[in-house]
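Spelled out from the first residue to the last, the chains are:
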Amino acid sequence: DEHRLLAAADATAAPADGDKARLGGLAPPQQRAIPSTAVAVGGPSLALLAVKNHDHLRADDFASLVTYLRSCVASPPVPSPFAAAPSVARALRWLDLSGNRLGDAGVASVVAALDRDDSSVTALDVSSNNLGAFAARTLDALFREEPLDDHLDAAAAAAAAAAQAPVCHVGALFCGAKLRYLSLAGNGLGPRAAARLLNALVDAGGPTRSSLRGLSLENSALGPPCAIGALASLSAALRALAKSPGLLEELDLRHCRLQPDAVKELLFGLVEARAAADGALPELRPRRAARRRA
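Summarised in this report is the structure supplied together with it. As the structure is a prediction and not an experimental result, all values here were calculated from the model. (Residues numbered from 1 in each chain as written. Predicted model: local features only at pLDDT ≥ 70, side-chain atom pairs only at ≥ 80, totals over all residues. Heavy atoms only, no water.)

**Points about the sheet that holds strand S8 (residues 181-183)**
For clarity, the cut-off: At least two DSSP bridges between two strands are required for those strands to pair. Strands are runs of DSSP state E lasting at least 2 residues, helices are runs of H or I lasting at least 4, and numbering of each runs from the N terminus. Comment: axis = line fitted to C-alpha atoms, over the contacting stretch for helices; angle = value between 0 and 180 degrees taken between N-to-C directions.
Read from one edge to the other, the open sheet built from six strands follows the order S2-S4-S5-S8-S9-S10, with strand pairing classed as parallel. Since the sheet does not close on itself, it has two edges, and those belong to strand S2 (48-50) and strand S10 (250-252), each with one partner. Taken pair by pair, the neighbouring strands of this sheet meet at an average axis angle of 0 degrees, ignoring direction. Of the strand pairs in this sheet, S8 and strand S9 (residues 214-216) are connected by three bridges, and their pairing is parallel. For tyrosine 181, the partnering residue across the bridge sits in S9 and is glycine 214.

**Observations regarding the packing of helix H6 (residues 191-203) against helix H7 (residues 230-242)**
How two helices sit against one another is set out by the angle between their axes and by the gap between those axes. We apply this condition: Oblique is the label for any angle not covered by the other classes, which are roughly parallel (under 35 degrees), roughly antiparallel (over 145) and roughly perpendicular (65 to 115). Should the near helix be turned anticlockwise from the far one by less than a right angle, the crossing is termed left-handed; should it be turned clockwise, right-handed. When checking whether two residues touch, look at their non-hydrogen atoms; a contact exists if any pair is within 4.5 Å.
At their nearest, the axes of H6 and H7 sit 8 Å apart, and the two run at 30 degrees to each other. Between H6 and H7, the crossing angle belongs to the class labelled roughly parallel. In terms of crossing hand, the pair formed by H6 and H7 is left-handed. Facing Pro191, Arg192, Ala194, Ala195, Leu198, Asn199 and Val202 of H6, the residues of H7 in contact are Ala230, Leu231, Ser233, Leu234, Ala237, Leu238, Ala240 and Leu241.

**Comments concerning unusual backbone geometry**
Cut-off, in case you're wondering: Burial here depends on accessible area, computed with a 1.4 Å probe over protein chains only, as a share of the maximum for the residue type. Under 20% is buried, over 50% is exposed, and the range in between is partly exposed.
Cis geometry marks the peptide bond from proline 224 to proline 225; its omega dihedral reads 0 degrees. If you trace the backbone, proline 225 turns up in the loop between S9 and H7. Its identity as a non-glycine residue notwithstanding, asparagine 53 has a phi of 60 degrees, on the positive side. Along the chain, asparagine 53 falls in the loop between S2 and helix H2 (63-70). Taking relative accessible area as the criterion, asparagine 53 reaches 53% and is therefore assigned exposed. A positive phi is found at asparagine 130, a non-glycine position, where the angle reads about 55 degrees. On the basis of relative accessibility, which here comes to 49%, the residue asparagine 130 falls in the partly exposed class.

**Overview of the nonpolar core**
Applied cut-off: The criterion is simple. A nonpolar core is a set of buried Ala, Val, Leu, Ile, Met, Phe, Trp, Tyr and Cys residues joined through side-chain atoms within 4.5 Å.
Leu95 and Leu173 are the most contacted members of the largest nonpolar core, which totals 53 residues. When residues of this core are traced back to their parent elements, those giving at least two are H2, helix H3 (103-113), helix H4 (136-142), H6, H7 and helix H8 (260-278). The element that contributes the greatest number of residues to this core is H6, accounting for seven residues. Every residue in contact with leucine 173, bar those within four places of it in the chain, is listed here: Leu142, Phe143, Leu179, Leu197, Leu201, Arg209, Ser210, Ser211 and Leu212.

And the structure:
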């Protein structure tokens, strides 16, 4: 009888079919129902937490939330003494903090709490939080370069140095391949910051690689006025990202004031990626130059 009661409790704890969340226009993978005969689900922890549109609060008011995030651990299945299948501890996966005006420092503290190999959060929405054009502290928490020697043994470090790869990327996007969806929409992000983020995804080297698959930059400020060379940097980053398979699956650039050259470079990158997959690279720039001469 005791075993039957425990099995019934496990069945009621299983998540409902179709449970999902949309963060900043990006849809994290649908959470499917887990049959009680296959797995026992335990623990009262939240899978989705939305604390949004509290623009009357200050960044310091979210200190307890940051502390909570540091305790959210992605635990592997563990054996259950009362079930034939393993037990899964539920942990926070989707976090929506949009519209809180946390500022660059506030969002950076949230992201830093996720900079762990065992973090459970896979989707983060920090849209409309007044990050500013550069969002320097937030981007530093998401990714940064460190000497590769600090992460490898002597032999591996020597081989990496010979291959001219002296640095690697670390941070919440590279610490343990957990964060898959990120929304930075509505933060006024400028072209320099966007190019820096996209280049990090493309150029990441070392022992880790970003797990990010969905990125929203909707309502960013990716057009003029901006510093000299910023638009060219963004165009080059978009092309490099587009022609690099296996990186992002979703990139939201709606209402970003993208300039024509940036759009062209993005499309050229997509064409190059397709042509590379087919085994023949097109000569895009010579053809464009020929059209100009004509």
